[in-house]
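Coordinate inspection notes
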Amino acid sequence: MWNKKILYFALVCIASLGVCAQPVIRQVHSNRFPATYSKWQEALLAGNGKMGIMVFGNPLHETVVFTDRFFNFPGVKSRTFAEVPRDTLDLIKKYCAIGKFKEANDLAVRTSHWHDGGEGGRHPGFVLNIDMDADGEIKDYRRICNYETGEIIVRWSDDRGEWERRSFVSRDANVSVFELQAPASGGLSCAVSLQMLEEMNFPKGMKVNSLHAKDYLNIRVNYAPPMDAEGYEGGIRVKAVGRFQFFT
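Residues numbered from 1 in each chain as written. Predicted model: local features only at pLDDT ≥ 70, side-chain atom pairs only at ≥ 80, totals over all residues. Heavy atoms only, no water.

As a further point, take the overall build of the protein chain. Each helix and strand in the protein chain was counted, giving 2 helices and 15 strands. Within the protein chain, buried positions represent 41% of all 248 residues. Summed over all atoms, the accessible surface of the protein chain reaches about 13900 Å², with 51% contributed by carbon and sulfur. (Helix = DSSP H or I, 4+ residues; strand = E, 2+ residues; numbered from the N terminus. Buried < 20%, exposed > 50% of the residue type's maximum accessible area, 1.4 Å probe, protein only. Areas by Shrake-Rupley, 256 points an atom, 1.4 Å probe, with all protein chains shown as cover.)

And the structure:
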């Protein structure tokens with residue numbers, strides 16, 4: 001648990017989810033968020049073409065799902081990808097630009113020869129949880145996805161003052177960056193963890209190891225046998241501005 005004024009951290013996935021942008025819309029605002037993991041489709045998205053985040057936006061119990069283009073269940077056979085022609089990519093972009101998202105998705109799936117689930121199927125990586133204690137009623141809640149900058153913002157107020165969390169995925173550095181800022185008149189106390197949730201429905205037999213230090217968290221995942229030599233991991237580096245205290 002961290003107790004401070006402003007908390008920054010960056011996460012690197014080792015193994016996408018790109019920003020799904022509509023050119024005519026610069027920002028999308030919402031006053032509600034997914035209450036459970038089963039509603040992950042309602043999360044706000046940001047990404048750089050390789051790695052991505054899905055931000056739920058819960059003020060006191062934030063959930064962020066991390067994905068990566070290389071998060072695929074291993075198979076005995078080598079995974080291959082179809083070569084999609086340039087004119088097909090241009091048509092997919094055109095469909096998106098005019099709002100024909102189903103047609104764009106169907107064409108993308110069909111031309112990539114992708115099949116959901118099973119050997120080689122894609123999967124989410126892990127979850128970042130940010131937990132805070134309540135202090136009064138949550139008011140003036142808003143979550144925002146800026147499609148022009150790729151930034152996700154969550155704002156609300158309670159008896160402590162006005163809160164704000166910001167996140168984006170850097171294209172240059174290939175990391176996900178978060179800023180947690182406390183109200184002007186107070187500090188910020190929160191617990192940050194990397195987890196694999198039961199609701200993610202991963203196959204039985206997968207092995208998860210976690211470690212933490214004063215300013216670092218790591219999660220390492222190995223797939224189920226017989227592919228248990230394969231896996232992926234992620235790590236968070238934390239930078240605190242102002243008063244800082246870590247609790248195990």
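For the protein chain, the mean per-residue pLDDT works out to 83, and 81% of the residues sit at or above 70. Contacts from residues 1–5, a stretch scored under 50 in pLDDT, to residues over four places away or in other chains number 42 contacts. Low pLDDT, under 50, characterises residues 15–24; the stretch is placed with 30 contacts to residues that sit more than four places away or in other chains. (pLDDT = per-residue confidence, 0-100. Contact = heavy atoms within 4.5 Å.)

Considered as a void within the structure, the largest cavity measures approximately 80 Å³ in volume. Together, Val 55, Glu 62, Val 64, Ile 130, Ile 152, Val 154, Arg 165, Arg 166, Ser 167, Phe 178, Glu 179 and Leu 180 line the largest cavity. Its volume calculated, the second largest cavity comes out at about 30 Å³. Lining the second largest cavity we find Met 132, Trp 156, Trp 163, Glu 164, Arg 165, Leu 180, Gln 181 and Leu 188. Looking at the lining of the second largest cavity, the elements that each hand over two or more residues are strand S10 (161–169) and strand S11 (176–181). (1 Å grid on protein atoms, 1.4 Å probe; cavity = no way out; pocket = protein on both sides within 12 Å on 5 of 7 lines; lining within 4 Å. Points joined across faces, edges and corners; volume = space filled by probe spheres on them.)

Per the counting criterion, the structure on display carries 9 aromatic pairs. Where Trp 156 meets Trp 163, the ring centres are 5.9 Å apart and the plane angle is 10 degrees; that geometry is what we call stacked. Overall, Trp 156 belongs to the buried group, its relative accessible area being 2%. Through a chain of ring-to-ring contacts, three or more aromatic side chains come together here, namely Phe 71, Phe 73, Phe 202, Tyr 223 and Tyr 232. (Phe/Tyr/Trp six-rings, centres within 6.5 Å; stacked < 30°, edge-to-face > 60°.)

The next thing to look at is the nonpolar core. Residues Ile 53, Leu 128, Met 206 and Tyr 232 are the most contacted members of the largest nonpolar core, which totals 46 residues. Filtering out sequence-adjacent residues up to four positions away, Met 206 remains in contact with Phe 73, Met 196, Val 221, Asn 222, Tyr 223, Ala 224 and Tyr 232. (Core = buried A, V, L, I, M, F, W, Y, C linked by side-chain atoms within 4.5 Å.)

Attention now moves to the pattern of salt bridges. A complete count under the given rule lists 10 salt bridges for this structure. With its nearest N and O atoms 2.7 Å apart, the salt bridge here joins Asp 158 to Arg 160. (Salt bridge = Lys/Arg side-chain N within 4 Å of Asp/Glu carboxyl O.)

In the contact formed by helix H1 (residues 86–97) and helix H2 (residues 101–112), the axes pass within 7 Å of each other and the chain directions differ by 155 degrees. Relative to H2, the element H1 is oriented roughly antiparallel. Crossing angle aside, the handedness with which H1 passes H2 is left-handed. The segment H1 lies against H2, with Thr 88, Leu 91, Ile 92, Tyr 95 and Cys 96 engaging Phe 101, Glu 103, Ala 104, Leu 107, Ala 108 and Thr 111. (Axes fitted to C-alpha atoms, helices over the stretch in contact; angles between N-to-C directions. Parallel < 35°, antiparallel > 145°, perpendicular 65-115°, else oblique. Left-handed = near helix turned anticlockwise from the far one by under 90°.)

On the surface, a cluster of negative charge is made up of Asp 133, Asp 135, Glu 137 and Asp 159. Within the secondary structure, Asp 159 sits in the loop between strand S9 (151–158) and S10. The class of Asp 159 is exposed, set by a relative accessible area of 57%. (Patch = residues over 30% accessible without salt bridge, like charges linked within 9 Å, V, L, I, M, F, W, Y side chains within 5 Å. Lys, Arg positive; Asp, Glu negative; His and termini not counted. Charge placed at Lys NZ, Arg CZ, Asp CG, Glu CD.)

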